[in-house]
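Architecture at a glance
Here are the chains, one letter per residue:
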Amino acid sequence: MALRHPAMDLEGWNRGNPIKKESWRTVLILAYQSLGVVYGDLSTSPLYVYKSTFAEDIQHSESNEEIYGVLSFVFWTLTLIPLLKYVFIVLRADDNGEGGTFALYSLLCRHARVSTLPNCQLADEELSEYKKVGDKSPGSSLKSTLEKHRVLQRVLLVLALIGTCMVIGDGVLTPAISVFSAVSGLELSMSKEHHQYVEVPVTCIILVFLFALQHYGTHRLGFLFAPIVIAWLACISTIGVYNIIHWNPHVYKALSPYYMYKFLKKTQRGGWMSLGGILLCITGSEAMFADLGHFSQLSIKIAFTFVVYPALILAYMGQAAYLSKHHIIENYYHIGFYVSVPEPIRWPVLALAVLAAVVGSQAIITGTFSIIKQCSALGCFPRVKIVHTSANIHGQIYIPEINWTLMVLCLAVTIGFRNTKHISNAAGLAVITVMLVTTCLMSLVIVLCWRRNVFIALCFILFFGSIEALYFSASLIKFLDGAWVPIALSFIFLVIMHVWHYGTVKKYEFDVQNKVSINWLLSLGPNLGIVRVRGVGLIHTELVSGIPAMFSHFVTNLPAFHQVLIFLCIKSVPVPHVRPEERFLVGRIGPKAYRIYRCIARYGYRDIHKDDVEFEKDLIFSIAEFIRSEQPDCNIEDDERMTVVGTSSTNAEGDKMREGDGENSSELEETFELREIMPPKKPRKRVKFLLPESPKIGASAREEMQELMEARESGLAFIMGHCYVRAKSGSSLIKRVVINLGYDFLRRNSRGPTYALGVPHASTLEVGMIYHV
């Protein structure tokens, strides 16, 4: 999710010209906006950290060693993980301005051939954002090891998927614990008997309201986010300063690491287990890296270092100062946030806390939408409906199926546990697992992408990995007390992702093994009496070379196809964005007279797929531009040679498109008309190809382009394969279950190709075929 200044183009942020410096005004505006987007979750952690830490494992005694030890742990955890690890190191590992678990995986896929995308091409490595490392780099031996061993590549993919699944689990748990903790302030204003019947229903109502508003998009209420978080940070830091001055001005001494030693020495096993609660102080830190694509490194660093970090430290110190003078141990829920708030302002602070919790929950929900989109683009998640809620900000999306699934799971967790102790145990494990995955992937990035010595990578993973492993062990030990939830959720999503990816790869392998040769195509006419009908036939295929078996199945049963035939492959490449001028790869299949073309549309994992009207216009234009730029004496009879062609908006020369009102089209002699599909109530527009009066365009090219336009005017038909994937006879029981049940169910319930969703049914032809994989 992202907020932005109207004059800024965040979609082009840090891409194409990464050296360009942004003005300080722009950086400060981004830093201000990031407070409401990136730090909503992290800023609400003081609501539940102390309460979760003292929930069961340790007690607050009059010596204050426990509270001082917890404060010391919180301070150094915030300093080492978010500040040192993320702000100063991880944020530099951006993928052309994009961040997150899949951004790291994408970087590794480009610097070593470990990508599991089945239809990769050498031409993809020529993309502007596709940067590789040389074989003589310090990590060349590690690179060759990863490329040789298929098992290591699968481990790397599973590692990235585990991190992704835990982020989805965090999307379930964070709204629950944030809103629940905010509403828990009611416990100090009513009796325990009444409180237990009010807290859960109120939390559920707020959560339903939160998820029900998702389809409106964050840009409609986005201007409120940053002020709410700023007001919240100002509130908790002011209360913290008041408590420090009023109750214990010497609490700053607890920041010494010595108090961590005293804490563990006194509490021993109970103190180690309580680390799962302390861990929650860094909940939301991963958002700094995940939302990097919508802001800039400098803006995120400024916002955290100068605003969020000091405010959180003051808030935790203030709570510790208050608790050090109030030894209430009979009710653990009194060791929370609201007890340290001065009584006259508790109700306003409660209202502000609920708003801040909603903002923090909004951030992780939208982040979950974004990571699902990335997984789907890279073939690791079934296709789902993606709604772009903002015409200007590419990161703001809404996925209905995921939204309602998250809501149901979130309500189930809230109603099932009915307290913050178990929810915090679950959230802690999800948070620390994502951080461990990031640490592991970063160690590889340091060697393969940054070309640093392996020793530096080992130091990184040993230092931060040991800290996170300590917290991970403390969270995992509470498996039966709620920590099983993220594991169960991650296992379910991991199975879905793995089944979909496995089935997709197997289906592609079947297509590759059963594709037909060009010689077969050349012999179609005399053998079958093929009839060429008017119009354009658009055949969707996942192959980047050869002719799919689906087409041969179609032709042998119905020996006719269109006068212009286009084999279209829409593929994802392991980069965040593909520039419009590099969008299409266009080639020819067979002789020119056959009028058969191959067009590969390439998209990054964060790119927006255009609607069917715009995409169709760009597709026809790319074919026309290919014909215009082709050498006159070229008569290619193989489809291995492809030409990079941009979209209609990126070509300043050559064929041009002009939109008119459709009243008079006789202005130029060489004008080819292309009608654009428009709603009935709107005036019909026409898109015209204007051939430049240049001797470079030969008569055969003009004739071919004329035929292309005439075919387009006759109509465009979409020919799609409707495949039934089945396991081969003799396959193992596991494979039969995965393919015949799991993958078949996911495929039947997933969305079709994006461009085909708006195509009229009368223009669509489905060819059924059974795949034995």
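Residues numbered from 1 in each chain as written. Predicted model: local features only at pLDDT ≥ 70, side-chain atom pairs only at ≥ 80, totals over all residues. Heavy atoms only, no water.

Going by an unreviewed UniProt entry, the protein chain carries the name Potassium transporter and comes from Rhododendron griersonianum. The Function (unreviewed entry) comment attached to the protein chain in UniProt states, word for word, "Potassium transporter." Per its UniProt entry, the protein chain bears the Sequence similarities (unreviewed entry) comment "Belongs to the HAK/KUP transporter (TC 2.A.72.3) family." (UniProt positions renumbered as here; feature names shortened; annotations may be inferred.)

**Comments concerning the packing of aromatic side chains**
Two descriptors summarise a pair of aromatic rings, namely the distance from one centre to the other and the angle between the planes of the rings. For the structure on display, the rule yields 18 aromatic pairs. Considering the side-chain rings of Y68 and Y259, the 5.7 Å spacing of their centres and the 85° angle between planes classify their relative orientation as edge-to-face. With a gap of 191 residues between them, Y68 in helix α4 (residues 65–88) and Y259 in helix α10 (residues 258–267) connect regions that are remote in the sequence. Y259 matches Y68 in its accessibility class, with the two residues each being buried. An aromatic cluster is defined as three or more aromatic residues linked by ring pairs; in this entry it consists of Y68, Y258, Y259 and Y261. When the ring centre of W450 is taken as origin, the NZ or CZ atom of R92, which lies over that ring, is 4.7 Å away. (Phe/Tyr/Trp six-rings, centres within 6.5 Å; stacked < 30°, edge-to-face > 60°. Helix = DSSP H or I, 4+ residues; strand = E, 2+ residues; numbered from the N terminus. Buried < 20%, exposed > 50% of the residue type's maximum accessible area, 1.4 Å probe, protein only. Lys NZ or Arg CZ within 6 Å of the ring centre and 35° of its normal.)

**Structural notes on the pairing of strand β3 (residues 531–540)**
Bridge analysis of β3 against strand β4 (residues 560–572) gives 8 bridges, and the strand direction is parallel. Bridge pairing in β4 links H540 to L568. Of the strand pairs in this sheet, β3 and strand β11 (residues 716–726) are connected by 4 bridges, and their pairing is parallel. From the neighbouring strand, I539 faces β11, where its bridge partner is I719. (Pairing = 2+ DSSP bridges.)

**Side note on a nonpolar patch on the surface**
On the surface, a cluster of nonpolar side chains totalling about 470 Å² of accessible area is made up of L476, F479, L480, W484 and I487. On the accessibility criterion, W484 (37% relative accessible area) is partly exposed. (Patch = residues over 30% accessible without salt bridge, like charges linked within 9 Å, V, L, I, M, F, W, Y side chains within 5 Å. Areas by Shrake-Rupley, 256 points an atom, 1.4 Å probe, with all protein chains shown as cover. Salt bridge = Lys/Arg side-chain N within 4 Å of Asp/Glu carboxyl O.)

**Comments concerning the side chain of N248**
Considering the arrangement of structural elements, one finds N248 in the loop between α9 (218–247) and α10. Leaving out residues up to four positions away in the same chain, N248 has contacts with Y68, N243, A321, S324 and K325. (Contact = heavy atoms within 4.5 Å.)

**Some remarks on the pattern of salt bridges**
Scanning the entire structure with this criterion turns up 12 salt bridges. We note a salt bridge from K85 to E468, for which the minimum N-O separation is 2.6 Å. One end of the pair, K85, is in helix α4; the other, E468, is in helix α18 (residues 454–476), and 383 residues separate them in sequence. As far as the burial class goes, K85 and E468 line up, both buried. For the salt bridge of R726 with D744, the shortest nitrogen-to-oxygen distance reads 3.4 Å. Linking R726 in strand β11 with D744 in helix α25 (residues 733–749), this pair joins segments that are 18 residues apart in sequence. Within this structure, E65, E66, K262 and K266 form a network of salt bridges that share partners.

**Quick look at the sheet that holds strand β7 (residues 642–645)**
An order of β7-β5-β6-β4-β3-β11-β12 is seen for the 7 strands of this open sheet, with the pairing classed as mixed. Where the open sheet ends on each side, the last strands, each with one partner, are β7 and β12 (764–772). Neighbour to neighbour, the strand axes of the sheet diverge by 25° on average, direction disregarded. Where strand β5 (residues 584–588) and strand β6 (residues 596–603) come together, 5 bridges link them in antiparallel fashion. Residue pairing in the sheet places V586 in a bridge with C599 of β6. Lying on the sheet, helix α19 (residues 484–514) is in contact with β11 and β12; it crosses β12 at an angle near 95°. (Axes fitted to C-alpha atoms, helices over the stretch in contact; angles between N-to-C directions.)

**Section: α4**
Taking 1.5 Å as the rise per residue, α4 with 24 residues should run 34 Å; its terminal C-alpha atoms sit 32 Å apart, in good agreement. Counting buried residues in α4 gives 19 out of 24 residues, a clear majority hidden from the surface. (Expected span 1.5 Å × (residues − 1).)

**Section: unusual backbone geometry**
Its identity is not glycine, yet R418 carries a phi of approximately 60°, on the positive side. With respect to the helices and strands, the residue R418 is situated in the loop between α16 (400–417) and α17 (420–448). Here R451, not a glycine, exhibits a phi torsion of approximately 60°, which is positive. Its location among the elements puts R451 in the loop between α17 and α18. Relative accessible area serves as the criterion here: at 44%, R451 is assigned to the partly exposed category.

**As for α18**
Residue G465 marks the point of greatest curvature in α18, where the axis turns by about 30°. The set of residues buried in α18 consists of A457, F460, F464, G465, I467, E468, Y471, A474 and S475. Buried residues belonging to α18 abut α4, α11 (269–273), α12 (275–278) and α17. Put simply, N453 is the residue that caps the front of α18, since its side-chain oxygen is 2.8 Å from the backbone nitrogen of F455. (Bend = angle between axes of the 7 residues up to and from the residue. Polar contact = N/O pair within 3.5 Å; in protein donor to acceptor, adjacent residues only side chain to side chain.)

**Overview of the environment of E129**
Within the fold, E129 resides in the loop between α5 (101–111) and α6 (140–148). With 33 residues separating them along the chain, E129 and N96 place their C-alpha atoms 6.8 Å apart.

**Details of the pairing of β5**
Remember that side chains alternate between the two faces of the sheet whenever the strand is regular. Burial runs high along β5: 5 of the 5 residues are buried. Here 4 bridges tie β5 to β7, and the two strands are oriented antiparallel to one another. The partner of V586 across the bridge, within β7, is T643.

**Some details on the nonpolar core**
Core analysis: the largest hydrophobic core is formed by 166 residues, its most contacted members being Y39, L71, L78, W232, F304 and Y316. Residues within four places of Y39 in sequence aside, it is in contact with S34, V229, M288, I300, A303, F304 and V308. Counting residues in hydrophobic clusters, the runner-up holds 29 residues, among them F561, F567, I719 and A727. (Core = buried A, V, L, I, M, F, W, Y, C linked by side-chain atoms within 4.5 Å.)

**A few points about the state of the cysteines**
Using the criterion set out here, one finds 0 disulfides in the structure. Summary of cysteine pairing: C165 is not part of a disulfide, and the nearest cysteine sulfur, belonging to C375, is at 7.4 Å. Looking at the unpaired C569, the closest cysteine sulfur is the one in C599, lying at 9.4 Å. (Disulfide = S-S within 2.5 Å.)

**What to know about the packing of α4 against α17**
Orientation of α4 relative to α17, taken along the N-to-C sense of each, is 30°, at an axis distance of 13 Å. The pairing of α4 with α17 is recorded here as roughly parallel in orientation. When the axes of α4 and α17 are compared, the crossing they make is left-handed. Facing I81, K85 and Y86 of α4, the residues of α17 in contact are M435, T438 and T439. Residue composition of the contact of α4 with α17, by class: 3 nonpolar, 2 polar and 1 charged. (Parallel < 35°, antiparallel > 145°, perpendicular 65-115°, else oblique. Left-handed = near helix turned anticlockwise from the far one by under 90°. Nonpolar A, V, L, I, M, F, W, Y, C, P; charged D, E, K, R; others polar.)

**Comments concerning the confidence of the model for the protein chain**
Scored by pLDDT, the protein chain comes out at a mean of 79, with 80% of its residues at no less than 70. Confidence drops under pLDDT 50 across residues 1–20; counting only partners more than four residues distant or on other chains, this segment forms 60 contacts. (pLDDT = per-residue confidence, 0-100.)

**A few points about the packing of helix α7 (residues 150–183) against α19**
Two elements in contact, α7 and α19, have axes whose closest approach is 8 Å; the angle formed by their N-to-C orientations is 130°. Our classification of the angle between α7 and α19 gives oblique. Crossing handedness for the pair α7 and α19: right-handed. Touching L157, L161, I162, T164, C165, M166, I168, G169, V172 and L173 of α7 are V485, P486, L489, S490, F493, L494, M497 and H501, all from α19. Residue composition of the contact of α7 with α19, grouped by class: 14 nonpolar, 4 polar and no charged.

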